[in-house]
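Structural description and commentary
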2 protein chains.
Amino acid sequence: MKIANTPKPPYYAVIFTNLVTEELEGYEETADRMVELAQQQEGFLGFESVRDGLGITVSYWKDLESIKNWKYNLEHSVARKKGNEKWYSSFKTRIALVERDYGKE
Amino acid sequence: MKIANTPKPPYYAVIFTNLVTEELEGYEETADRMVELAQQQEGFLGFESVRDGLGITVSYWKDLESIKNWKYNLEHSVARKKGNEKWYSSFKTRIALVERDYGKE
């Protein structure tokens, strides 16, 4: 996993923080498929994902429109429903406008 | 590590994504101390932190003013300099305005 190579701000971040249950059948495959699918979406800029008990996945998007289109993607909607009902014991999704960034490459 | 219990948006997120070097002497103690210190700052709302190779730490703040005050904290500035020069091989810091959130508790 690498640091996402995002363009100059402004752009959006979707910060998805979660804890999983012990019923994880189908979880890994679906997670991989969602990454594959997200990468094909218009406006997708990259993502970073780490789990060690707590999971944090941050995906980056061009604008709210592209986040909305991804939310309404049918396969993603089905996966989200399953996540909500079965895989995640708790989660928080935060939609945030990245105003500024800096770093070391 | 738990999901941060943040108030209703708007508030700010500082998304700090990083990779560490192998020279980590003093790193853990300093990281712990920074959490302790951040929690005492006016406007600090919580944080989430996970590492598995890539490290993602998201801290939440009331406004830009509180982020700026934390940035100018002397002990934090010293730690940041050391992180930049020694502990982090690369990092990206993104300052983002959380506009909306939802989840499952």
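So, here's what we can say about the structure. (Residues numbered from 1 in each chain as written. Chains lettered and ligands numbered in written order. Predicted model: local features only at pLDDT ≥ 70, side-chain atom pairs only at ≥ 80, totals over all residues. Heavy atoms only, no water.)

1. Describing the interface of chain A and chain B
Interfaces are often described in size by the accessible area the parts lose on coming together. Inclusion rule: What makes two residues a contact is simply this: any of their non-hydrogen atoms within 4.5 Å. When two parts are put together, the accessible area they lose, computed with a 1.4 Å probe and summed over both, is reported as buried area. A side-chain nitrogen of Lys or Arg and a carboxyl oxygen of Asp or Glu constitute a salt bridge if their distance falls within 4 Å. Under this definition, polar contacts are N or O atom pairs within 3.5 Å; protein pairs additionally need one hydrogen-donor-capable and one acceptor-capable atom, and for neighbouring residues in sequence, both atoms have to be side-chain atoms. Where helices and strands are cited, they refer to DSSP runs of H or I of at least four residues and of E of at least two residues respectively, numbered from the N terminus. When residue character is reported, Ala, Val, Leu, Ile, Met, Phe, Trp, Tyr, Cys and Pro are called nonpolar, Asp, Glu, Lys and Arg charged, and the others, Gly included, polar. Whether two strands pair depends on DSSP finding at least two bridges between them.
At the interface, 42 residues of chain A touch 42 residues of chain B. When the two sides are added together, the surface that chain A and chain B hide from each other amounts to roughly 3,700 Å², 57% of it contributed by carbon and sulfur. Across the chain A-chain B interface, the total number found is four salt bridges. Residue Glu48 of chain B pairs with Arg94 of chain A through a salt bridge whose shortest N-O separation is 3.1 Å. Viewed at the interface, chain B and chain A are joined by 27 residue pairs in polar contact (both at pLDDT 80 or more). Listed by contribution, the elements that provide at least two residues to the side of chain A that touches chain B are strand 1 (11-20), strand 2 (44-52), strand 3 (54-61), helix 2 (64-72) and strand 4 (88-104) of chain A. Taken together, the residues of the side of chain A that touches chain B break down into 21 nonpolar, nine polar and twelve charged. Relative to strand 4 (residues 88-104) of chain B, strand 4 of chain A runs antiparallel, the two sharing 13 bridges. Residue pairing across strands places Phe91 of chain A opposite Lys104 of chain B, the latter belonging to strand 4 of chain B.

2. Here we look at the nonpolar core
Where we set the bar: What makes a nonpolar core is a set of buried Ala, Val, Leu, Ile, Met, Phe, Trp, Tyr and Cys residues whose side-chain atoms join them at distances within 4.5 Å. Exposure classes here rest on a 1.4 Å probe applied to the protein chains alone. A residue is buried below 20% of its type maximum, exposed above 50%, and partly exposed in between.
Residues Val58 of chain A together with Val58 of chain B are the most contacted members of the largest nonpolar core, which totals 24 residues. The set of elements that each furnish at least two residues to this core consists of strand 1, strand 3 and strand 4 of chain A together with strand 1 (11-20), strand 3 (54-61) and strand 4 of chain B. With sequence-adjacent residues up to four places away left out, Val58 of chain A is seen in contact with Ala13, Val14, Ile15, Gly46, Phe47 and Glu48 of chain A together with Ile15 and Ile56 of chain B.

3. Quick look at the relation of the copies chain A and chain B
What counts is decided by this rule: Only residues with pLDDT of at least 70 in both copies count here: their C-alpha atoms drive the least-squares fit that superposes the copies.
Rotating chain A by 180 degrees and moving it 0.0 Å along the rotation axis overlays it on chain B with an RMSD of 0.0 Å. In the structure described here, the two chain copies are related by an operation that fits a two-fold rotation axis. Interface overlap between copies is the fraction of interface residues in one copy that are interface residues in the other; for chain A against chain B it reaches 100%, indicating a shared surface.

4. Brief notes about a negative patch on the surface
Condition: Each patch is built from residues lacking any salt bridge and having more than 30% relative accessible area; the joining distance is 9 Å for like charges and 5 Å for nonpolar side chains (Val, Leu, Ile, Met, Phe, Trp, Tyr). Only the protein chains shown count as cover for residues, and the accessible areas themselves come from Shrake-Rupley with a 1.4 Å probe. Residues scored as positive are Lys and Arg, those scored as negative are Asp and Glu, and His as well as the terminal groups of each chain are ignored. Note that the charge is assigned to NZ on lysines, CZ on arginines, CG on aspartates and CD on glutamates.
Together, Glu25, Glu28, Glu29 and Asp32 of chain A make up a negatively charged patch on the protein surface. Mapped onto the elements of the fold, Glu29 of chain A is located in helix 1 (residues 27-38).

5. Remarks on the pattern of salt bridges
Enumeration over the complete set of coordinates arrives at twelve salt bridges over all chains. Asp101 of chain B is the partner of Lys92 of chain A in a salt bridge, and the nearest nitrogen-oxygen pair spans 3.7 Å. Taken together, the positions of Lys92 of chain A in strand 4 and Asp101 of chain B in strand 4 put the pair across two chains. Note on accessibility: Lys92 of chain A and Asp101 of chain B belong to one class, buried.

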